[in-house]
Amino acid sequence: MTTIAPIERRGDVLAILDQRRLPHEERWLECRTPAEVGEAIRSLAVRGAPILGIVAANALTLVAPSSRASNPSGLMEELEEAAAMLRATRPTAVNISWAVHRVLVAARSSAAFGIGEVRAAIELEAIAIEREDRAACDAIGAFGNELVPEGANVLTHCNTGMLCTGGIGTAQGVILAAHRAGKRIHVWVDETRPVWQGARLTAWELGRLGVPRTLVADGAAASLMRSGRVDLVVTGADRITADGSVANKIGTYGLAVLARHHDVPFFVAAPVSTIDLETATGAEVPIEERAPQELTTPLDTPVAEPDTPAANPAFDVTPPDLVSAIVTEHGVLRRPYASTLREAVGMRERRGA
Ligand code: MRU
């Protein structure tokens, strides 16, 4: 079966498939320090919430090989510093702080034993985070497949596949599972401006995976729904707050409003690592504001006059009442999300992850 690996560990190097160049060129960046990984994250060489958690955890494995610390507490200081840098790279994607926290807890619990033990604990935790995400994607696909009717036309936004998870993807995992179950589905791929993750990445991935797909302009969703050509919408998430609000790629909220108006189910697929019970509502989610050049000069092509004032929030928040269900590795969650999300997080904690 076709797989697409977005990262590779090569000894003390983290190799990252540079997604900015896809689909035209498959070039790998070799990162030797957390700072290099931080830059790869900021510049969108690697993107998408679950892989950002995995990459951040792997970035912390690069601290020890280049460290001059002579004792565990010196190493812990360097790790904390790298963790703070990584958390600040993409503030909406909660998987980064979630993964970094896990690695720091593992490192601290070994600090009494020596530098070698801290290093081993970090490595093991990074591997566990990736392995768990792979399994979560499989489970999300299996649960989500149940929501997809035979022959469905599915609309999706941004990129949620193998490039941005440790496995088959989240929303795209649902799509792939339905395709592999032989349901003869077809996918409408939003181009997803201004960075074109849909046009460049999702259309490419689905093509390689043999899933029938059609690229559409973001603005086409309304008329596709009105003419009955969308049976369901499924997207990923960068952060799901305790009340079930979903922060995801800019444009997601608009799709949810349209879906409600046209009586089309709007599903969100995400691992439990994307659920943030510490943040009560969507209003408190930090929304990353990106450079105006992504709008004025997309993909280095001047479109607007370079000094045109431009606002570029990378994410928006969909309120819980517009979300028909949230597909996680622990099942399909329905309203009231305040309790079903808490139960799903509890299941994860009981399993010791
Ligand atoms: O800015 P990006 O490309 O990192 O945004 C990614 C998304 O919004 C995805 O939908 C989300 O992270 C889910 S990834 C499985």
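Everything quoted here is computed from the prediction, not taken from an experiment.

1. Brief notes about the environment of Ser66
Tracing the chain through its elements places Ser66 in the loop between α2 (49–61) and α3 (72–89). Looking at Ser66, the relative accessible area reads 48%, which means it is partly exposed. Once the C-alpha coordinates of Ser66 and Trp98 are considered, the two residues, 32 residues apart in sequence, prove to be 24 Å apart.

2. Focus: the sheet that holds strand β6 (residues 213–216)
Taken in spatial order, the seven strands make up an open sheet running β6-β5-β4-β7-β10-β13-β14, and their pairing is mixed. The open sheet has two edge strands, β6 and β14 (331–333), and neither has a second partner. When the angles between neighbouring strand axes are averaged without regard to direction, this sheet yields 25°. Judged from the four bridges that link them, strand β4 (residues 153–156) and strand β5 (residues 186–190) form a sheet pairing that is parallel. Bridge pairing in β5 links Leu155 to Trp188. Its contacts with the sheet place helix α7 (residues 197–209) against β4, β5 and β6, and it is angled at close to 160° to β5.

3. Things to note about the sheet that holds strand β8 (residues 239–241)
Read across the open sheet, the four strands follow the order β11-β8-β9-β12; overall the sheet is mixed. Unpaired on one side and paired on the other, β11 (275–276) and β12 (315–318) mark the two borders of the sheet. In this sheet, β11 lies alongside β8 in parallel orientation, the contact comprising two bridges. Its bridge partner lying in β11, Thr241 is registered against Asp276.

4. Quick word on α7
Relative to the 18 Å expected for 13 residues at 1.5 Å per residue, α7 spans 17 Å between its end C-alpha atoms, a close match to the ideal helical length. In terms of burial, α7 is a largely internal element, 10 of the 13 residues being buried. Taken together, the buried positions of α7 are occupied by Gln197, Gly198, Arg200, Leu201, Thr202, Ala203, Trp204, Glu205, Leu206 and Leu209. Elements that come into contact with the buried residues of α7 comprise β4, α6 (171–180), β5, β6 and β9 (246–249). Positioned one or two residues after α7, Gly210 has a phi angle of 75°, which is positive.

5. Observations regarding the site of the ligand
Taken together, the neighbourhood of the ligand is formed by 17 residues, with Arg47, Arg90, Asp238, Asn248 and Lys249 sitting nearest. Ala49 places a polar main-chain atom, nitrogen or oxygen, 2.9 Å from an oxygen atom of the ligand. Here Asp238 contributes a side-chain N or O atom positioned 2.7 Å from an oxygen atom of the ligand. In the complex, the protein chains occlude 100% of the 410 Å² of accessible area that the ligand would expose alone.

6. Remarks on the packing of aromatic side chains
Throughout the structure, instances matching the rule amount to zero aromatic pairs. Directly above the aromatic system of Trp28 lies the positively charged group of Arg10, at a separation of 5.2 Å from the ring centroid. Directly above the aromatic system of Phe315 lies the positively charged group of Lys249, at a separation of 4.4 Å from the ring centroid.

7. Some remarks on the confidence of the model for the protein chain
Counting all residues, the mean pLDDT for the protein chain is 97, and 99% of those residues have values of 70 or more. Looking at the elements of the protein chain, mean pLDDT is at its lowest for helix α11 (residues 337–350), recorded as 91, and at its highest for strand β10 (residues 266–269), recorded as 99.

8. Topic: the nonpolar core
Grouped together as the largest cluster of nonpolar side chains are 40 residues, with contacts concentrated most on Val55, Leu60 and Leu79. Per-element accounting of this core gives the leading share, nine residues, to α2. Counting residues in each nonpolar core, the second largest holds 31 residues, with Ile4, Ile168, Phe267 and Ala325 among its members.

Scoring rules and cut-offs
- Residues numbered from 1 in each chain as written.
- Predicted model: local features only at pLDDT ≥ 70, side-chain atom pairs only at ≥ 80, totals over all residues.
- Heavy atoms only, no water.
- Helix = DSSP H or I, 4+ residues; strand = E, 2+ residues; numbered from the N terminus.
- Buried < 20%, exposed > 50% of the residue type's maximum accessible area, 1.4 Å probe, protein only.
- Pairing = 2+ DSSP bridges.
- Axes fitted to C-alpha atoms, helices over the stretch in contact; angles between N-to-C directions.
- Contact = heavy atoms within 4.5 Å.
- Expected span 1.5 Å × (residues − 1).
- Near = heavy atom within 4 Å.
- Polar contact = N/O pair within 3.5 Å; in protein donor to acceptor, adjacent residues only side chain to side chain.
- Areas by Shrake-Rupley, 256 points an atom, 1.4 Å probe, with all protein chains shown as cover.
- Phe/Tyr/Trp six-rings, centres within 6.5 Å; stacked < 30°, edge-to-face > 60°.
- Lys NZ or Arg CZ within 6 Å of the ring centre and 35° of its normal.
- pLDDT = per-residue confidence, 0-100.
- Core = buried A, V, L, I, M, F, W, Y, C linked by side-chain atoms within 4.5 Å.

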